[in-house]
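# Secondary and tertiary structure notes
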Amino acid sequence: MKSEANNTLPKKQLFSLQQDLSKWEKATDSEKASREEMGASVTLFKDGIRKLKKNRLAMGSFFVLVIMLAVILFAPIIVPYSYDEILTINGERDIGAQNLKPLTFSETEKAYIAQGNFRFPHLMGTDSQCRDYFIRVVYGTRISFMVGIFASLIVLIVGLFFGSIAGYFGGFADMLIMRIVDIIYSVPDMLIIILLSVALNESINLQGIPVLENLGTNMLSMFLVFGLFYWVSMARLIRGQILTVKQNDYVTAAYNLGAKPGWIIRKHILPNCLSIIIVSTTLEIPSAIFTESYLSFIGLGVQAPMPSLGSLANTAMSAITTYPFQMIFPSLVICLIVLSLNLLGDGLRDAFDPKLKR
Amino acid sequence: MSKTIFRRFLLSLLTIILICTLTFFVMHIIPGGPFQQKKLSDVTREALNERYHLNEPLITQYFLYLKGLLKGDLGVSITDGRSINEIIRLSFPISCKLGLAAVSLALIAGTVFGTLAAYQKGKFLDKLILFLSTFTTAIPSFVLSILLLFVFCVKLKWFPIWSIHSPSYVLPVLALSMYPMAYTTRLARTSMLEALGQDYIRTAKAKGLSSGKVLFRHALRNSLIPIITFAGPEIAYIVTGSMVVESIFNIAGIGSSFVTAITARDYTMIMATTLLLAILMVIMNLICDILYQVIDPRIRYD
Amino acid sequence: MSEPVLKIQDLSVSFFDRAGEAKALSGVSFDLEKGQILGIVGESGSGKSVTMQAILQILNSEGRITGGKILFKGEDMSLWSPQKVRAFRGKGCAMIFQDPMTSLNPLLTIGKQITEAVTLHTGKRGREAYQRAVELLTLVGMNDPERRMKQYPHELSGGRRQRIMIAMALASEPDILIADEPTTALDVTVQAQILELILEIRNKLGMAVIIVSHNLGIIAEVCDEVLVLYGGSVCEKGTVQDIFYHPRHEYTKGLLASIPNGQSRDRLKPIGGSPVNVRHLPAGCAFCPRCEEALKICLTDKPQTLEVSPGHIATCWRNDPEYRQYLENMGKEAHHD
């Protein structure tokens, strides 16, 4: 090549000025490339994780949630009380252990300890029925988390199903689903939950069905309503996302090359919808927890004696002036869960999907 | 324009019919009808069954029920026998006052805070507003209500406890509007930031307009559109939120009578109130939709 | 020669964000005479639009002028009060933008948006302002101007909207009209109409015009002088003749080789590589990594700006007299062999 000839020619010259003149030689490609600083290429996922790690609020929330999950998983193993257990000492009911302040013991318990026995401290005191409040709050948190996660899973599955049908197949199916979505959008969901709870309470017997038996009909109707009504925004999101992805040329190309619908959905459409799905599911959990606590408050929450954070707060309300701690603990936990999940969800959204801003 | 509104109107009508039907049939899931499990005398039950045509076939009952609704007759409460129309006539104005005040406060204050934050983006005020609004959206309405009641009514005694004769709406309105206000703030902030980043804002600046005019004439109007679309869900939130707030502050509004009805399993009352509130929400949504189309000329002419 | 309307001296602009500093402009200078049409050419990210935003001082919050001066009719703009800067926008220098679809406020009628500018700069109000707006619409060749006044932007085609933008810019009879990619978003036939309109208005009102574009065809058609930007610095500046027929910078040559001329059936020659990242400007010439003729010195030293012929300047080591000398010697050596 010409440039090589140019490059080699001056080297034969052994002038003393060569050093000075070499600057006029042509630069080689590798020399040029070394001058060009290139940003290292990273995958979308790695880039998202990197951004998420930089977001201190989201990371903080993540750790708060991890700690909370650890506590609700392990506390029942460590704490020797159970959520519906009325405190007893040597098999006798401890009447004095009513509405104890956090980290205090009743007279009987003090005497028991004075005898050299060990008594596990009541971290959050006790309630009006002489039950350890800490373990009740732990179980309440468990229930709230469970309800939140289960409800958002229902929303995810139903929404994903209808959203992808509407988005992928279009045409009549899309039209029908979107009309239904329109109608459901204007139905006041909370009122329907209340209505269903009231009606189901009288008509359904959940005896013998595991989990639901403990949660009660109110939770069943809440899940029902989530499955029937709350999926619409998820379905809309997914449909919109699929329509956008479908318009991309690489999907058309795959289709034209004879790819099957299932393959296109798995290889092209789902990966592109994933971030949106994860983010909105994360943000759905706090909203479900809110709904549960709200229902508990108006008397339609989980079935007694199973505690939920909402029902604990509701019970504590009547004695707020005398035993404010019983109100503060569950309320604080709700706020903390919802705040952390919201911040984490926002962080995830910013990290993985900058387009998706609300 | 009229075509879209007409379509919206039809949809709303359909939703209302759907809600009426749903309410009717859900209430009839209860075995033996709504009056079976109440401790009523046979005569009363018979009278009630007669009154509600409960001995007729279900489908006939359904149409009779729709006919009654069209006449505006909501029946009587089964716990105290009072006419539900009467209960609503007394409690509805109170709830309306509370709700309207809360909606206005949430929308106006939220928009102002959000706009301020967007205008001061990245500065201290923005961070403060963002922090407070994020924090507020994590507090359940009943916790907030109790907190306000406990601190300002019970401890500090700044406000009297609510009674029908000396109604004090300050705290309930505050408790009810906090969450939607925080939400509106966040929404207003993002939509204002988006509006400020638009090309036409650059045009307006290049024209030589003062920053105030750019903000109020050009950006605000555009940033209001998403806020108006949120007004529908906001009203739904206020309606459901009012149940909690009214019960806690002991306000004799429709929300607290609804909660009382739920605890007392007063079916006719639950049914009537659900219907009323649902229809109210649907109509409010319809109004918001129309308003939205009036403000945005792009939709008007499409 | 009278004093230039606008004199840019060694202007530097940087954008600062969390990731650091991005040097969008590093030492750009040029003059704009009254009635002159100056074209500014460059790829995306070369600093064309930033230059214009710096002149109007509408850089976004992360952008800052880090050096140099902008002189409007001999006055240093950095010393102006915010009020004076605002009066300068529109009155001294009006701007039309790339995308007429998004540059007009969708919620206000055409009439409102034009009269707003009229009122602001001429003090005319009500009926008077309305009349002036109708006049302006007629001036930019809109048919049925009275009806247009009542319409919303989305009811008009792209070309019509760009005319509206021009009418709005003319409301104050500015000394300078900046057109930032005025035709990029428009159909080819409409492009020609808009360019013609700009020329016509320049002839009528005698203002100076800056046209920013990456389309060399447009520049060749309407401009008197051309400024070529790359990576925030001036590569070359000269008359249209100079730039198109005697380019003295490799980047300009590359640009010219990459446009079809409609006659030769040769393959088009694209410029290899990707535009320089202004966050990491190389030590030497910014274009060097993509330059086929790059020399060793280009890697390490910034080239000097040299006047290669009267009014024609270029910033390239290959114009350096020392290099010319070196080439001559090499030629002799080659002959000896």
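This structure is a prediction, so every number in the text was calculated from the model and none was measured. Position labels on residues start from 1 in each chain and follow its written sequence. To label them, take the chains in the order written and letter them from A, then take the ligands in the order written and number them from 1. Two thresholds apply to this predicted model, a pLDDT of at least 70 for residue-level local features and 80 or more for giving and counting side-chain atom pairs, whereas whole-chain, interface and lining totals are computed over all residues.

## Details of the overall build of chain A
Going along the chain from the N terminus, every DSSP run of H or I of four or more residues is numbered as a helix, and every run of E of two or more is numbered as a strand. Of the regular secondary structure elements, chain A holds 15 helices and 2 strands. Here chain A, with 358 residues, has 39% of them falling under the buried criterion. Placing C-beta atoms from the backbone, we regard two residues as in contact once those atoms come within 7 Å. Sequence separation of at least 24 residues holds for 68% of the intrachain contacts in chain A that already meet a minimum separation of 6. Residue burial is a threshold on neighbouring C-beta atoms within 10 Å of the residue's own C-beta, all placed from the backbone, with 20 or more meaning buried, 12 or fewer meaning exposed, and counts in between meaning partly exposed.

## Quick look at the interface of chain B and chain C
Taken together, the 18 residues of chain B in the interface contact 24 residues of chain C. At the level of secondary structure, the elements contributing two or more residues to the side of chain B that touches chain C comprise α8 (199-207), α9 (211-249) and α12 (297-301) of chain B. Per-element tally for the side of chain B that touches chain C: the top contributor is α8 of chain B, with 7 residues. Here the nonpolar group is Ala, Val, Leu, Ile, Met, Phe, Trp, Tyr, Cys and Pro; Asp, Glu, Lys and Arg are the charged ones; every other residue, Gly included, is treated as polar. In terms of residue class, the side of chain B that touches chain C is built from 5 nonpolar, 6 polar and 7 charged.

## A short note on the packing of helix α8 (residues 171-185) of chain A against helix α11 (residues 217-247) of chain A
The description of two helices packed together rests on the angle between their axes and the distance between the axes. All names here are of chain A. All axes here are fitted lines through C-alpha atoms, helices being fitted over the stretch that makes contact, and every angle between N-to-C directions spans 0 to 180 degrees. Packing of α8 against α11 leaves a shortest axis separation of 9 Å and a crossing angle of 125°. Viewed along their axes, α8 and α11 adopt a mutual orientation that is oblique. As α8 runs across α11, the sense of the crossing is left-handed. Along its contact with α8, which presents V181, I184 and Y185, the element α11 presents F229, V232, A235 and R236. Tallied by class, residues from the contact of α8 with α11 come to 6 nonpolar, no polar and 1 charged. Roughly parallel means an angle under 35 degrees; roughly antiparallel means over 145; roughly perpendicular covers 65 to 115; every other angle is labelled oblique. The hand of a helix crossing depends on one turn: near helix anticlockwise from the far one by less than a right angle means left-handed, and clockwise means right-handed.

## Quick look at the interface of chain B and chain A
How large an interface is tends to be reported as the accessible area lost when its parts come together. Opposite the 40 residues of chain B that make contact, chain A presents 35 residues. Listing elements by their share of the side of chain B that touches chain A, those giving two or more residues are α1 (2-27), α5 (124-136), α6 (141-155), α9, α10 (254-263) and α11 (267-295) of chain B. The dominant element in the side of chain B that touches chain A, judged by the number of residues it contributes, is α1 of chain B, at 9 residues. Tallied by class, the residues present in the side of chain B that touches chain A amount to 28 nonpolar, 11 polar and 1 charged.

## Focus on the sheet that holds strand β5 (residues 75-76) of chain C
All names here are of chain C. Only strands joined by at least two bridges in the DSSP assignment are considered to pair. The strand order across the open sheet formed by 4 strands is β2-β1-β4-β5, and the pairing between neighbours is antiparallel. In this open sheet, the two edge strands, each paired with only one partner strand, are β2 (20-32) and β5. Together, β1 (6-17), β2 and β4 (63-72) form the strand contacts of helix α1 (residues 48-56), whose direction differs from that of β2 by roughly 75°.

## Focus: unusual backbone geometry
All names here are of chain C. Of note in this structure, K73 is not a glycine but carries a positive phi near 50°. Topologically, K73 is positioned in the loop between β4 and β5. Unusually for a residue other than glycine, E181 sits at a positive phi of about 45°. Following the sequence through the fold, E181 ends up in the loop between β7 (176-180) and α7 (188-205).

## Examining the confidence of the model for chain C
Residues and elements named next belong to chain C. Within chain C, residue pLDDT values average 84, and 96% of them lie at 70 or more. Confidence, expressed as mean pLDDT per element, reaches its minimum in chain C at helix α12 (residues 321-336) with 76 and its maximum at strand β3 (residues 37-41) with 91. Complex prediction metrics read pTM 0.77 and ipTM 0.77. Scored between 0 and 100, pLDDT is the confidence that the predictor attaches to each residue.

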